[in-house]
Amino acid sequence: MAQNISVPDIGDFESVEIIEILVKVGDQINTNDPVVTLESDKSSVEVPSLISGKVIKLNVKVGDKVAKGSLLATLDGGLSDVDKKEKNIKKQILKEEKIVEKKEIENINLDKVVKKVFVPLSSKDDLDPIETKEWVESLNAIIENDGPSRASYLLNKVIDVAYTAGLVLPDTRTTPYINTIPPELEVKSPGNQNIEKKIRAYIRWNAAAMVVRANKISSELGGHIGTFASAATLYDVGMNHFWRAKNKNFGGDLIYFQGHSAPGMYARAFLEGRLTEKQLNRFRQEVDADGLSSYPHPWLMPKFWQFPTVSMGLGPIMAIYQARFLKYLINRGLLKDEGRKIWVFIGDGETDEPESLGAISLAAREKLDNLIFVVNCNLQRLDGPVRGNGKIIQELEGSFRGAGWNVLKVIWGSYWDPLLKADKTGLLMKRMNEVVDGEYQAMKAKGGAYVRDKFFGKYPELTELVSSMTDNDIWKLNRGGHDPHKVYAAYHAAMQHKGSPTVVIAKTVKGYGMGKSGESMNTTHQQKKLDEKDLLYYRDRFNVPLTDAQVKNIEYYKPAENSEEIKYLKERRKQLGGFIPERSSLAKPIKAPPRDIFESFMKSTGEKEMSTTMALVRMLTNLLRDKNVAPRLVPIIPDEARTFGMEGFFRKIGIYAHEGQKYEPEDSEQLSSYKETKSGQVLEEGITEAGAMSSWIAAATAYTNHDLEMIPVYIFYSMFGFQRVGDFAWAAGDAQARGFLIGATAGRTTLAGEGLQHQDGHSHILASMIPNCVSYDPTFSYEMAVIFREGLRRMHEKNENIFYYITAMNENYSHPEKPKGADEGILKGMYLFREYKNKGKIKIQLMGSGTILREAIAAAKILSEEYGVDSDIWSITSFNELRKDGMEVERKNLLNPDRKKEKSYIEECLDKRDGPVIAVTDYVRSFSDQIRPYTSKPFYSLGTDGFGRSDTRKNLRKFFEVDKEHIIAYTLSALAQEQLIGSGDAEKAIKKYNIDKNKAFPTKL
Ligand SMILES: Cc1ncc(C[n+]2csc(CCOP(=O)(O)OP(=O)(O)O)c2C)c(N)n1
Ligand SMILES: [Mg+2]
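The rules behind the values
All residue numbers refer to positions counted from 1 along the written sequence of the respective chain. Chain letters and ligand numbers both follow the written order, the letters beginning at A and the numbers at 1. Residue-level local features of this predicted model are given only where pLDDT is at least 70; pairs of side-chain atoms are given and counted only at 80 or more, and the full residue set underlies all totals for whole chains, interfaces and linings. Excluding hydrogens and water, the side-chain values take into account all heavy atoms of the structure. Comment: elements are numbered from the N terminus, with helices defined as DSSP H or I runs of at least four residues and strands as E runs of at least two. For a helix, the expected span equals 1.5 Å multiplied by the number of residues minus one. Note on definitions: salt bridges are taken to be side-chain nitrogens of Lys or Arg within 4 Å of carboxyl oxygens of Asp or Glu. Buried, partly exposed and exposed residues are distinguished by accessible area as a fraction of the type maximum, computed with a 1.4 Å probe on protein chains only: under 20%, between the cut-offs, and over 50%, respectively. A strand pair is defined by DSSP finding two or more bridges across the two strands. In this description, a line fitted to the C-alpha atoms serves as the axis of each element, helices being fitted only across the stretch in contact, and the angle between N-to-C directions of two axes falls anywhere from 0 to 180 degrees. Whether two residues touch is decided by their heavy atoms; if any such pair falls within 4.5 Å, the residues are in contact. With water omitted from the atoms examined, metal sites may look incomplete; donors here are N, O and S atoms no farther than 2.8 Å from the metal, or 3.2 Å in the case of Na, K and Ca.

Trainee: With reference to specific residues and values, describe helix α4 (residues 148-164).
Mentor: Note that an α-helix has 3.6 residues per turn; residues three or four places apart therefore point the same way. Taking 1.5 Å as the rise per residue, α4 with 17 residues should run 24 Å; its terminal C-alpha atoms sit 24 Å apart, in good agreement. Just beyond α4, the residue with positive phi is G166, at close to 85°.

Now the structure itself:
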């Protein structure tokens, strides 16, 4: 039976144009296959068929205007009632996506952690201590008889009743200042503690020796001992027991190492035989081969480091989005779920960075139980205590618990266990709670007697508690982060936990073991030189088997290959699948799509006007039809899809939502309805450029972290790009990200009404600073198409470690046909767009980019027709690429003074052409000025230096003096200055176009 396909509800639009027909008569089509593409003045969207069958008639053609209900095609064999079918499909989709709310899986460990209950000391606030005792005993009885779950249930009920009655309840964000896991519930490490202790000692020694040696060569080299000294146990337990390497059977856990602990990773790799002594000796000396980078830098050590972390705050947020992206790949069916984990090491001082904690609620919302943070709370940052007057561990616990994380505090080492057990009244715990970090730090700097006096001495009962202990015993009361048993138990619990991310908050001592040279001292962070006495102390402290002479020589210590330590260390790593960190890629390249996918963009759009943003979105829509590219595209949008006309993607490929869609969207009847799905492809990030950028980096490095080449396209307001998240972009370059950054609504005068904080006139300058970022400012859709396709080819087929920054504009205009043979120039950065040869007397080389090229084109016509000045009009797709080429060629020529000079591409283009250069862009002048040194011609640049402001495009271009009138006047004036014409024409033009000579320079306005 014949059935019709008609246009569904398309939102606000009365009638929109059909720009593509995607089926033909005779085709057999399935439900959801696209039938036509519609385009409004802002966006394009495909209309899917709601029925299946054979196309027997097409009722529309390209160029037709349609509205809701317009008949598109007739199928043979469709089901009888289209409307009914439409409804059914929608219902079905909703049903499929509705995820039954699952009961939160409780953390087995934490459920058990409610064993130790004591009756607190009676205080003067306690009106009835006997009653208090009874309550506590009742709770004890419930725990014992009915178990912790029942006890929790009852407490929650009582709390609910208390809230209902309006009682003010105590703040419950934090728990007491003790370990989360009580000793009786600690899972014991299966490792050989004796050997592990030795290995750790050698690693500690070698890490410190490496820094001290480097600074013997030159104190310029720097380095840190104190950070790793505090974190050695935290890393060692992971390396020996938890972190699984990537190999052919397993994708590998991903570890974000704290930047300043890099020497420790090198020291371990040395024992593992992965780095040589010669390499250790080249710590921080990278200019010649075989150096070791100061911090984790994949660019400098591409087979070793995976994640650039040293710019504080970037590691934590990048890791959160990495964990999210791993789930995305699994939920989209692109990766197997192998239970891989992301481990993130972060300093307590580093948590001050807004980026560090800024996305922790996302991690909980997304239920990222593949994510484990380890915050190394050595209580110090660079200058002094992190929270001298407070307690960083408690503060972090509150933040993470509040955000919904599983928090595991590892505060006290095992030596404290008997004391805490003996603390029947809770007084020791009270003392632990009341001491602030500034005091805790001082105690570790000042020795056992000081701790006895200042910590235990406050209460006679506590003084008594430690009366049988020597000062040395007290000094040995260790912090949790230095106790491998405690750390093991916490990591084990973190691995088991389901349903939310885990943070292990570990208390350590900065510069642990450094003694007088820098243990727990405010200057510890900067300590990089140890004298002989310090070194001997350090050796003795950890029993490193080196003679005094060897210590004085600062020799490394490496036991023989067949020693039990080396055998043990290697065996542990073998059991865990290989070495960490190690960077590799087995990703298969993605074949660039055939040219015909882009063919329609090479033709003139005729009268039809569109923006380059629309052209790009259309290109992406076309790419979603390419079987190689489509599944790998990751569109990333920070809540601006409608701004960029991308809302069509919602329905077409879905928005990623790990819980699917639990509601019927308000616009469910519409073609571009808000569709969230577990297998969704779009990452709709909400308003977080830092988060979106982190997602982009995760996708752009999936080729190494997941052996899967992905094509992320992150589209954002260009002003909120490099300027806002420039440090991420820098880290992306280091990480060798491959993907597209699209700076939309670009140009100081092109985004008219939005004003000063929105109008971008410099993002290209910022982009140009990143060595492996390739950037373009195209004007026409064919330029965009040529650039985009080449980006796909270079990055994803040829696997060049570069990323693309392309600006896209929101100004609608018609696009000409691609000039023959322009491709090469488009990619190199400039090509001859048009040549005026009318009168032929005076010539200029007129250059422009982005939307302002069109002002130049308009000016050229008037200059030719009215003033007899002919132009060669150059479309400069990339001043940045031209400069790179210019610099390189110039350098080569200078280094080879005896040889024939090579020509830069700019010179090749301009060599045989006459007249001064007039360059004009929607960017600050320094953008086009970049190429000034590479041409011997007089060079004049016009640009948009100064703060933006809201007005119409026309007024803005006049204000910044980049409209066609100013181009004409300035060109004539420049020609006069070059004595190619008299000054009369310029004067006339200035008058004619009402150009105010007395107006201040725009940077001053
Ligand atoms: C964005 C950024 N700002 C500043 C620094 C300089 N810096 C290096 S380490 C450090 C202190 C780090 O303290 P913490 O995070 O507690 O690490 P720790 O060494 O104590 O483990 C600072 C400020 C940096 N690396 N990155
Ligand atoms: Mg610290």
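Trainee: Give a detailed account of the pattern of salt bridges, specifying residues and quantitative values.
Mentor: Counted under the stated rule, the structure contains 61 salt bridges. The shortest N-O distance in the salt bridge between E46 and R625 comes to 2.7 Å. You can see E46 sitting in strand β5 (residues 44-48) and its partner R625 sitting in the loop between α24 (612-623) and β15 (633-637), a full 579 residues away along the chain. Owing to a relative accessible area of 9%, E46 belongs among the buried residues under this scheme. Across the pair E865 and K861 runs a salt bridge whose closest N-O atoms are separated by 3.3 Å. Placement of both E865 and K861 in helix α32 (residues 852-867) is noted, with a separation of four residues, approximately one turn of the helix. Taken together, the shared-partner salt bridges in this structure form one network comprising R200, D236, R268, E272 and R274.

Trainee: How would you summarise the sheet that holds strand β12 (residues 406-410) if you had to cite specific residues and measurements?
Mentor: Reading across the sheet, the five strands line up as β9-β10-β11-β13-β12 and stay open at both edges, with parallel pairing between neighbours. Two strands close off the open sheet at either side, each with one partner strand: β9 (254-256) and β12. Strand-to-strand twist of the sheet, defined as the mean angle between neighbouring strand axes without regard to direction, takes the value 15°. One ladder, built from three bridges, connects β9 with strand β10 (residues 342-347); its direction is parallel. In the strand pairing of β10, Y256 is matched with V344. Of the strands in this sheet, β11 (371-377), β12 and β13 (502-507) are in contact with helix α12 (residues 392-403), which crosses β12 at around 165°.

Trainee: An account of the coordination of the magnesium ion (ligand 2) is requested, with residue identities and associated values reported.
Mentor: Tetrahedral coordination by four donors sets the ideal angle at the metal to 109.5 degrees; octahedral coordination by six donors sets it to 90 or 180 degrees. Looking at the magnesium ion (ligand 2), the protein donor atoms are D348 (OD), N378 (OD1) and Q380 (O), and they sit 2.0 to 2.1 Å from it. Coordination of the magnesium ion (ligand 2) draws on donor residues from a single chain, spaced D-x29-N-x1-Q in sequence. Separated by 30 residues along the polypeptide, D348 in the loop between β10 and α10 (354-358) and N378 in the loop between β11 and α12 bring together distant segments of the chain. Here the two residues D348 and N378 agree in accessibility, since each one is buried.

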